[in-house]
Amino acid sequence: MEYRLLGNSGLRVSELCFGAGTFGRDSEFFKEWGLMEGDAAKRIVDLCVDAGINFFDTADVYSDGESEKVLGESIRHLDRSQLVIGTKATFRLGTGINDAGQSRHHLIRSIEGSLKRLGTDYIDVYYMHEVDALTPMEETLYTLNRAVEEGKIRYIGCSNFSGWQLMKSLSISERYGWARYVVQQSYYSLIGRDFEWELMPLGRSEKVGTAVWSPLGWARLTGKYSRNKPKPTTSRLNDEKMIAAGPKVSDEHLYNVVDAIEAIAQETGKSVPEISLNWLLHRPTVSTIIIGGRSEEQLKQNFKAVGWKLTPEQMTKLDEASKVIAAYPYWHQRQFPERNPDLL
């Protein structure tokens, strides 16, 4: 397992991060991911640690706080100082008028709630889970900076921000000398490369690392979907709510990408998910990839994505098969590589 710096910080995290969205006791939405708790969850954590993973990701909204509780219970027997725990806040957790967003009122309560559920004195990486357009960025960043100064949070990150929103946040932090976002948790996959248009160049310029969520394209790159295979009957993509909540991908684009992956699988003896994850590991700004698994077997399969590298020719083949027409002004800028060499 390789360990990488988390953006412009001195914190080193494993190139694979375990996402605890599958941890919980009951949730209408997250049950589609395959919930687990108790000894099963502790066993998953131990497998991750044995494989060299030190980074674990959750959120207060996952199973209404139950994911944090189960993760906290599952790491209690381990040396906390050797683990990096990330969690998030912003989405609604409660029925009160102020039980959502990034106001000082909500964040102070959210931090305390997460610390209690996780059973820890500090959170290593605390993400703003979504944009809150109603709260001034200064209020949010001031509150996060105070939590850093108080030792309740070590580093801060954001998730699902646009480029201008992240850049404005970084500018505010610089202006006042406050803690800055060192990592963005973003959707990125071989079938979802919008991240490369704006957020990746920003990350390279401002040294913001990336923690990739849903690296297998919302379960589409698990090897179960292929041009010549019937669609699986047991999949989260058979649930309309799950489809609506995730990225939109046409079948033809998916199959074109999977065709290229399967051709490389024939050359390498690697599986579709292994190749998909390995491609991401060698993309700019990627600090870590968040993986999960409904079972120990799925988890172990994901571990096989590290320790090897696709050839330049194979990377190019995947790049070509998965590229889409960029939005304006990016398609125009890419016509001038002489002056814009870092645009992909």
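The structure under discussion appears in the preceding block.
Cut-offs used in this document
- Residues numbered from 1 in each chain as written.
- Predicted model: local features only at pLDDT ≥ 70, side-chain atom pairs only at ≥ 80, totals over all residues.
- Heavy atoms only, no water.
- Axes fitted to C-alpha atoms, helices over the stretch in contact; angles between N-to-C directions.
- Helix = DSSP H or I, 4+ residues; strand = E, 2+ residues; numbered from the N terminus.
- Parallel < 35°, antiparallel > 145°, perpendicular 65-115°, else oblique.
- Left-handed = near helix turned anticlockwise from the far one by under 90°.
- Contact = heavy atoms within 4.5 Å.
- Nonpolar A, V, L, I, M, F, W, Y, C, P; charged D, E, K, R; others polar.
- Core = buried A, V, L, I, M, F, W, Y, C linked by side-chain atoms within 4.5 Å.
- Buried < 20%, exposed > 50% of the residue type's maximum accessible area, 1.4 Å probe, protein only.
- Phe/Tyr/Trp six-rings, centres within 6.5 Å; stacked < 30°, edge-to-face > 60°.
- Polar contact = N/O pair within 3.5 Å; in protein donor to acceptor, adjacent residues only side chain to side chain.
- Pairing = 2+ DSSP bridges.

Visitor: Give me the packing of helix α5 (residues 163-176) against helix α6 (residues 199-206): which residues, what numbers.
Guide: At a closest axis distance of 9 Å, the pairing of α5 and α6 adopts a crossing angle of 20 degrees. Judged by the inter-axis angle, α5 sits roughly parallel to α6. As for the relative orientation of α5 and α6, their crossing is right-handed in sense. Of α6, the residues touching α5 (which contributes G163, L166, M167 and L170) are L199, L202 and E206. Taken together, the residues of the contact of α5 with α6 break down into five nonpolar, one polar and one charged.

Visitor: Could you give an account of unusual backbone geometry, with specific residues and numbers?
Guide: With an omega of 5 degrees, the peptide bond running from Y328 to P329 counts as cis. By the element assignment, P329 lies in the loop between α11 (312-322) and α12 (330-333). One non-glycine residue with positive phi stands out, namely S214, at about 50 degrees. Note on placement: S214 falls in the loop between β9 (209-213) and α7 (240-245).

Visitor: Any chance you could break down the nonpolar core for me, citing the residues and the numbers?
Guide: F23, F56, L71, Y126, Y181, I289 and L318 are the most contacted members of the largest nonpolar core, which totals 77 residues. Considering each element in turn, this core owes the most residues, eight residues, to helix α8 (residues 251-268). In this structure, L71 is in contact with A20, F23, V45, F56, T58, I85 and L118, ignoring residues within four places of it in sequence.

Visitor: Describe the packing of aromatic side chains, naming the residues involved and giving the relevant values.
Guide: Given two aromatic rings, their pairing is described by the distance between the two centres and the angle made by the two planes. The final tally for this structure, using the stated rule, is 11 aromatic pairs. Aromatic pair Y187 and W213: ring centres 5.3 Å apart, planes at 45 degrees, arrangement tilted. One end of the pair, Y187, is in strand β8 (residues 181-187); the other, W213, is in strand β9, with 26 residues separating them in the sequence. Under the relative-accessibility criterion, W213 is labelled partly exposed at 22%.

Visitor: Can you lay out the side chain of R193 for me, pointing to particular residues and giving the numbers?
Guide: Tracing the sequence through the fold places R193 in the loop between β8 and α6. Of note is the side chain of R193, whose polar atom sits 2.9 Å from the backbone oxygen of D319. A polar atom in the side chain of R193 sits 2.7 Å from the side chain of S322. What R193 contacts, discounting residues up to four positions off in sequence, is Y188, W279, R283, L318, D319, S322 and K323.

Visitor: Can you lay out the sheet that holds strand β6 (residues 123-128) for me, pointing to particular residues and giving the numbers?
Guide: Spatially, β3-β4-β5-β6-β7-β8-β9-β10 is the arrangement adopted by the eight strands of the closed barrel, whose pairing is parallel. Each adjacent strand pair in this sheet contributes to an overall mean axis angle of 30 degrees, direction not counted. For strand β4 (residues 55-57) and strand β5 (residues 84-89), the ladder comprises three bridges, and the chain directions are parallel. Considered in β5, the bridge of F56 is made with I85. Most of the contacts of helix α3 (residues 104-118) go to β6, to which it runs at about 135 degrees, and overall it touches β5, β6 and β7 (153-159).

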